[in-house]
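# Survey of secondary and tertiary structure
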Amino acid sequence: MPADWVRALSIAGTPAQARAAIDARHAAGATSVVLAPAGPAPLAALDSLARALPHRH
C-alpha cells in the first residue's frame, strides 16, 4: 500500500486526536470505522483505543 494511502487512511495519535479523526470520517459519510490497536504491546494499547471512542449514552 502506498505510504500516502496509509497516512490518509490510518488513525493515530493521542486519544483526542484519534477521536477527532473518527469524527471527521463520520462527518465525511463513513457509517463505521474499524480500529485495531498496534505497536509492540497491542493488548496494552486497548485502554488508549477505548479513550478514542466516542462516548455513548
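Our subject is the structure listed above.
Residues numbered from 1 in each chain as written. Predicted model: local features only at pLDDT ≥ 70, side-chain atom pairs only at ≥ 80, totals over all residues. Heavy atoms only, no water.

## Quick word on helix H2 (residues 15-27)
Spanning 13 residues, H2 covers 18 Å between terminal C-alpha atoms, matching the ideal 18 Å at 1.5 Å per step. Contacts from the buried residues of H2 go to helix H3 (46-52). Backbone geometry just downstream of H2 places Gly29 in the positive-phi region, at approximately 115°. (Helix = DSSP H or I, 4+ residues; strand = E, 2+ residues; numbered from the N terminus. Expected span 1.5 Å × (residues − 1). Contact = heavy atoms within 4.5 Å.)

## What about the layout of surface pockets?
A water-sized probe rolled over the atoms picks out the places where empty space is left. If you add up the space inside the largest pocket, you get close to 410 Å³. Lining of the largest pocket is provided by 19 residues; of these, Ile11, Ala12, Leu35, Ala36 and Leu49 occupy positions nearest its centre. Mapped onto the lining of the largest pocket, the elements with two or more residues apiece are H2 and H3. For the lining of the largest pocket, the per-class residue count stands at 14 nonpolar, four polar and one charged. (1 Å grid on protein atoms, 1.4 Å probe; cavity = no way out; pocket = protein on both sides within 12 Å on 5 of 7 lines; lining within 4 Å. Points joined across faces, edges and corners; volume = space filled by probe spheres on them. Nonpolar A, V, L, I, M, F, W, Y, C, P; charged D, E, K, R; others polar.)

## What to know about the pattern of salt bridges
Enumeration over the complete set of coordinates arrives at two salt bridges. Here Asp47 makes a salt bridge to Arg51, at a shortest N to O gap of 2.5 Å. You can see Asp47 and its partner Arg51 sitting in helix H3, four residues apart, about one turn around the helix. For Arg51, a relative accessible area of 40% gives the class partly exposed. (Salt bridge = Lys/Arg side-chain N within 4 Å of Asp/Glu carboxyl O. Buried < 20%, exposed > 50% of the residue type's maximum accessible area, 1.4 Å probe, protein only.)

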